[in-house]
Amino acid sequence: MSGFSDKIIWITGASSGIGKALAIALSNQNAKLILSSRKNQELALVKKLCKNPNDVKIVTLDLEDYTNLQPKVDQAIAAFGKIDILVNNGGVSQRSFVKDTLISVDKRIMDINYLGTIALSKALLPHFIKNEKGHFVVTTSIVGKIGTPLRSSYAASKHALHGFFDSLRTEHYLDNIMVTLVCPGFVNTNVSKNALTGNGTPQQKMDTATANGIAPDRFAKLMAKAILNKKEEVYIAGAKEKLGVYVKRFYPKLFSKMIRKLSVT
Ligand SMILES: NC(=O)c1ccc[n+]([C@@H]2O[C@H](COP(=O)([O-])OP(=O)(O)OC[C@H]3O[C@@H](n4cnc5c(N)ncnc54)[C@H](OP(=O)(O)O)[C@@H]3O)[C@@H](O)[C@H]2O)c1
């Protein structure tokens with residue numbers, strides 16, 4: 001018996017990286033899962049890797065299509081009759097300087113990471129209110145707490161999620177609705193390969209820092225623990241990245257100097 005036994009957990013971005021590893025980790029703890037992303041085939045492969053594939057349903061969706069997510073929410077609720085936890089994990093990163101980034105690319109990153117995530121959450125919120133409980137988990141980033149080169153709109157989208165979900169947490173405290181903001185540092189996934197360059201094409205290259213990042217299965221175990229413990233905000237990252245958050249908070253000018261010297265890929 002684990003804290004996730006028979007919990008019904010909906011994970012976006014479940015076809016790859018952190019979402020895929022989290023799906024496997026939670027299925028090992030006997031959770032019932034709904035897996036979402038754009039790619040049905042990849043999700044079907046993740047389902048097969050889960051401990052109880054019969055307890056895993058797939059709902060394909062595109063977060064960029066954020067005005068049409070209500071039917072996806074209805075489909076996800078219908079899968080098992082209710083949802084206990086929504087893990088808003090799907091997203092896309094960026095590898096381009098401000099001066100080289102088309103405004104359409106800035107918009108796309110905001111649409112997927114911010115508007116897609118909040119549209120899905122807002123569509124599910126009445127279900128949580130009706131059930132008198134619910135838990136939104138959001139994968140933001142260390143870059144949701146600091147700004148670094150090559151990540152302008154990505155950092156903006158992740159900062160925006162903190163603002164939105166901190167407000168939601170306050171508004172719905174009495175409805176027994178919780179929010180956990182998970183801020184990863186570098187995790188060894190396809191995130192840098194899929195990251196958008198200034199003209200909107202994926203970088204298609206693994207960054208060294210990402211390749212040397214935390215293994216997704218280890219990350220997933222720490223993330224599952226944070227969810228179970230109902231943490232409000234957690235940094236799952238290397239020592240340097242975590243230090244950055246605290247230096248920025250307490251010594252913002254020193255942080256600006258440090259980040260200028262840092263070569264961030
Ligand atoms: N890895 C890191 O170092 C790191 C650091 C900080 C934060 N993060 C965050 O962690 C989360 C997961 O990323 P990852 O590292 O696991 O990268 P990943 O391997 O590239 O996975 C990204 C996931 O998001 C989904 N996704 C992308 N665009 C989507 C869209 N328009 N609609 C629906 N789903 C979409 C992808 O699925 P499909 O392609 O099948 O749609 C995939 O499942 C992201 O929010 C990312 O920003 C990662």
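Parameters at a glance
Residues numbered from 1 in each chain as written. Predicted model: local features only at pLDDT ≥ 70, side-chain atom pairs only at ≥ 80, totals over all residues. Heavy atoms only, no water. UniProt positions renumbered as here; feature names shortened; annotations may be inferred. Helix = DSSP H or I, 4+ residues; strand = E, 2+ residues; numbered from the N terminus. Rg over C-alpha atoms; globule rule 2.2 N^0.38 Å. Buried < 20%, exposed > 50% of the residue type's maximum accessible area, 1.4 Å probe, protein only. Contact = heavy atoms within 4.5 Å. Areas by Shrake-Rupley, 256 points an atom, 1.4 Å probe, with all protein chains shown as cover. Lys, Arg positive; Asp, Glu negative; His and termini not counted. Charge placed at Lys NZ, Arg CZ, Asp CG, Glu CD. Axes fitted to C-alpha atoms, helices over the stretch in contact; angles between N-to-C directions. Parallel < 35°, antiparallel > 145°, perpendicular 65-115°, else oblique. Left-handed = near helix turned anticlockwise from the far one by under 90°. Nonpolar A, V, L, I, M, F, W, Y, C, P; charged D, E, K, R; others polar. Patch = residues over 30% accessible without salt bridge, like charges linked within 9 Å, V, L, I, M, F, W, Y side chains within 5 Å. Salt bridge = Lys/Arg side-chain N within 4 Å of Asp/Glu carboxyl O.

- By the naming in an unreviewed UniProt entry, the chain is Short chain dehydrogenase, taken from Polaribacter glomeratus.
- The UniProt entry for the chain carries the following comment under Sequence similarities (unreviewed entry): "Belongs to the short-chain dehydrogenases/reductases (SDR) family."

## Section: the overall build of the chain
Logical step 1: In terms of regular secondary structure, the chain is built from 10 helices and 7 strands.
Logical step 2: Taking 2.2 N^0.38 as the reference for a compact globule, 265 residues should give roughly 18 Å; the C-alpha atoms of the chain span a radius of gyration of 18 Å, in line with that estimate.
Logical step 3: Dimensions of the chain, computed from the C-alpha atoms along their principal axes, are close to 50 × 40 × 35 Å.
Logical step 4: Considering the chain as a whole, with its 265 residues, one finds that 49% of them fall into the buried category.
Logical step 5: In the chain, of all internal contacts separated by at least 6 residues, the share reaching a separation of at least 24 is 69%.
Logical step 6: Element-wise, carbon and sulfur atoms account for 55% of the exposed surface of the chain, whose accessible area totals about 12700 Å².
Logical step 7: Of the side-chain charges in the chain, 37 are positive and 20 negative, and the distance between the mean point of each set is 7 Å.

## Description of the packing of helix α4 (residues 103-131) against helix α5 (residues 152-171)
A pair of packed helices is characterised by two quantities: the angle between their axes and the separation of those axes.
Logical step 1: At their nearest, the axes of α4 and α5 sit 8 Å apart, and the two run at 20 degrees to each other. As far as their axial angle goes, α5 and α4 are roughly parallel. At the point where α4 passes α5, the crossing takes the right-handed sense. Of α5, the residues touching α4 (which contributes Asp106, Ile109, Met110, Asn113, Tyr114, Thr117, Ile118, Ser121 and Lys122) are Ser153, Tyr154, Ala156, Ser157, Lys158, Ala160, Leu161, Phe164 and Phe165.
Logical step 2: Across the contact of α4 with α5, the residue classes break down as 10 nonpolar, 5 polar and 3 charged.

## Structural notes on the side chain of Ser5
Logical step 1: Along the chain, Ser5 falls in the segment before β1 (8-12).
Logical step 2: Apart from the residues lying within four places of it in its own chain, the contact partners of Ser5 are Gln29 and Asn30.

## Observations concerning a nonpolar patch on the surface
Logical step 1: Together, Leu243, Tyr246, Phe250, Tyr251, Leu254 and Met258 make up a nonpolar patch on the protein surface, roughly 630 Å² of accessible area in all.
Logical step 2: Those elements that place two or more of their residues in the nonpolar patch are α9 (239-250) and α10 (252-261).
Logical step 3: Top element by residues in the nonpolar patch is α9. It accounts for 3 residues.
Logical step 4: As for its placement among the helices and strands, Leu243 is situated in helix α9.
Logical step 5: For Leu243, a relative accessible area of 47% corresponds to the partly exposed category.

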